[in-house]
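Structure at a glance
One-letter residues, chain by chain:
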Amino acid sequence: MSASRSPLPLRPLGSTGLTVPALGLGAGRIGGPETSDAEVDRLVATALDIGATLFDTARSYGASEERLGRALAGRRQGVLLSTKLGYGVPGVPDWTGPAITAGVDGALGRLRTEVIDIVHLHSCPREVLERGEVIEALLRAVRDGKVRVAAYSGEDDALEWAIRSGAFGSVQCSVSLVDQGVLDRCVPRAAEAGIGVLAKRPLGNAPWRFERRPEATDVAEAWDRFAALRIERGELSWEALAARFAAFAPGVSAILLGTANPAHLAAVAQAIGDGPLPEAVLTSLREAHARAGRGWSGRI
Ligand SMILES: NC(=O)c1ccc[n+]([C@@H]2O[C@H](COP(=O)([O-])OP(=O)(O)OC[C@H]3O[C@@H](n4cnc5c(N)ncnc54)[C@H](OP(=O)(O)O)[C@@H]3O)[C@@H](O)[C@H]2O)c1
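This structure is a prediction, so every number in the text was calculated from the model and none was measured. Here the residue numbers are simple positions, counted from 1 along each chain's written sequence. With the structure being a predicted model, the display of local features is reserved for residues of pLDDT at least 70 and the display and counting of side-chain atom pairs for 80 or more, all residues being used for whole-chain, interface and lining totals. To obtain the side-chain values, all non-hydrogen atoms of the structure were included, while hydrogens and water were left out.

The next thing to look at is the pattern of salt bridges. Here a salt bridge means any side-chain nitrogen of Lys or Arg lying within 4 Å of a carboxyl oxygen belonging to Asp or Glu. Inspection of every chain in the model, using the stated rule, returns 21 salt bridges. Across the pair D37 and R70 runs a salt bridge whose closest N-O atoms are separated by 3.7 Å. Of the two residues, D37 sits in helix 1 (residues 37–50) while R70 sits in helix 2 (residues 64–71), which places them 33 residues apart along the sequence. Only protein chains enter the accessibility calculation, which uses a 1.4 Å probe; a residue whose area is less than 20% of its type maximum is buried, one above 50% is exposed, and one in between is partly exposed. Residue classification places D37 among the partly exposed positions, given a relative accessible area of 36%. When the shortest N-O distance is used, the salt bridge between R148 and D117 registers 2.7 Å. Taken together, the residues span a long stretch of sequence, with R148 in strand 7 (residues 147–153) and D117 in strand 6 (residues 116–122) at a distance of 31 residues. Given the relative accessible area of 45%, R148 is considered partly exposed. Among the charged side chains, a salt-bridge network with shared partners connects D37, D41, R67 and R70. Helix numbering and strand numbering both begin at the N terminus, where a helix is a DSSP run of H or I of at least 4 residues and a strand a DSSP run of E of at least 2.

What follows is the structure in structure tokens.
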């Protein structure tokens, strides 16, 4: 499939001036030894081929930043790079101005680029945001031309604060069948304010894959929620139902699919090409959440 035949819709990332494809690659699964460089190359090639030209990584995803930088070397044009930081700089206390400044410089080097399109403060609490120092350092990186869009990644109270602050051009939060709470408040508010929204965990970690409750805490929580929702998928695959739900949720700019498998990425692109879910299906999914999911917090 060539990029020009991509079925992926293109959307403005809020009022940032960037345009994003409705599907990006969440590169959280390519940082470890279980994935080889050759596999990363194949995954990145598929992403570019289908038009999923948005790549989301983070300081905490092992070798993900370096590997993306290597795989995308010489192919930076037309690609959107997103990363997350705020911690993990040797000798620098986490969540300080210097941690942001050095974090941006480090990410520029690992990603082999002169400017990063979107940089998120990665799940820092509201108190850190309120102190102002990390936001100021991130905005300085924007003024210095190292970052295009200052962004926040997080949930609940901190996310609400970030949206209200007016400091960020984009936010990243969980949006999925099992993470619908954000669609009631934060996502519509962000959209109204011209703030882009990148939907993380868009399949809700695909809990339908597991017959028994999985051990990983985040996936186990998704599994519990999924069981409580009692959703029926009708004739669609679970992946298609979940991907179309998140990708076409009002206010969502793009979903970030976590996969190391090119076929899984292509399948989700194909599903998005089928467009929004039928209204009746959507209503039943929203009703299921209203019945069972009241009070569920955003999954970091
Ligand atoms: N900001 C944050 O704090 C934060 C937190 C979590 C996630 N994120 C972002 O969101 C991205 C996605 O999150 P996530 O990976 O936790 O959740 P996710 O995308 O909802 O689910 C990923 C899981 O679904 C499976 N999967 C993907 N496509 C599939 C398909 N077509 N068919 C069957 N299974 C499929 C993947 O396995 P396979 O590898 O086998 O495909 C993987 O185990 C991350 O990479 C990251 O960019 C950000």
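Within strand 9 (residues 196–200), 5 of the 5 residues are buried, leaving the element largely enclosed by the surrounding structure. Note: strand 8 (residues 170–174) against strand 9, 5 bridges, orientation parallel. Bridge pairing in strand 9 links C173 to A199. The handedness of the strand 8 to strand 9 crossover, carried by helix 7 (residues 186–192), is right-handed. When DSSP finds two or more bridges between a pair of strands, those strands are recorded as paired. Bridge count for strand 9 against strand 10 (residues 254–258) is 2 bridges, and the pairing is parallel. The residue of strand 10 that forms the bridge with A199 is I255. Note on handedness: a crossover is taken as right-handed if, strands pointing away from the viewer, the path from the first strand over the helix to the second is clockwise.

We now examine the sheet that holds strand 6. Sheet strands line up and pair through hydrogen bonds in the backbone, either parallel or antiparallel. One closed barrel holds the 8 strands; their spatial order is 3-4-5-6-7-8-9-10, and the pairing between them is parallel. For this sheet, the mean angle separating the axes of adjacent strands, direction not counted, is 25°. Note on geometry: axes are lines fitted to C-alpha atoms, helical ones only across the stretch in contact, with angles between N-to-C directions running from 0 to 180 degrees.

The way it works is a 1 Å grid over only the protein atoms, where trapped points that fit a 1.4 Å probe form a cavity and open points with protein on both sides within 12 Å along at least five of seven lines form a pocket, and then any residue with an atom within 4 Å of a point lines it. Grid points are joined across faces, edges and corners, and a volume is the space filled by probe spheres set on the points. Roughly 700 Å³ of internal volume is contained in the largest pocket. What lines the largest pocket is a set of 30 residues, among which R29, N205, L257, G258 and T259 lie closest to the centre. Put simply, the parts of the chain that give the lining of the largest pocket at least two residues each are strand 10 and helix 10 (262–273). Looking at the lining of the largest pocket residue by residue, the class counts come to 11 nonpolar, 11 polar and 8 charged. Within this model, the second largest pocket holds a volume of roughly 370 Å³. D156, G181, V182, D184 and W296 are the residues nearest the centre of the second largest pocket, which is lined by 23 residues in total. Any residue outside Ala, Val, Leu, Ile, Met, Phe, Trp, Tyr, Cys, Pro, Asp, Glu, Lys and Arg is labelled polar, Gly included; the first ten of those are nonpolar and the last four are charged.

None of the figures reported here should be taken as evidence of function without further support.
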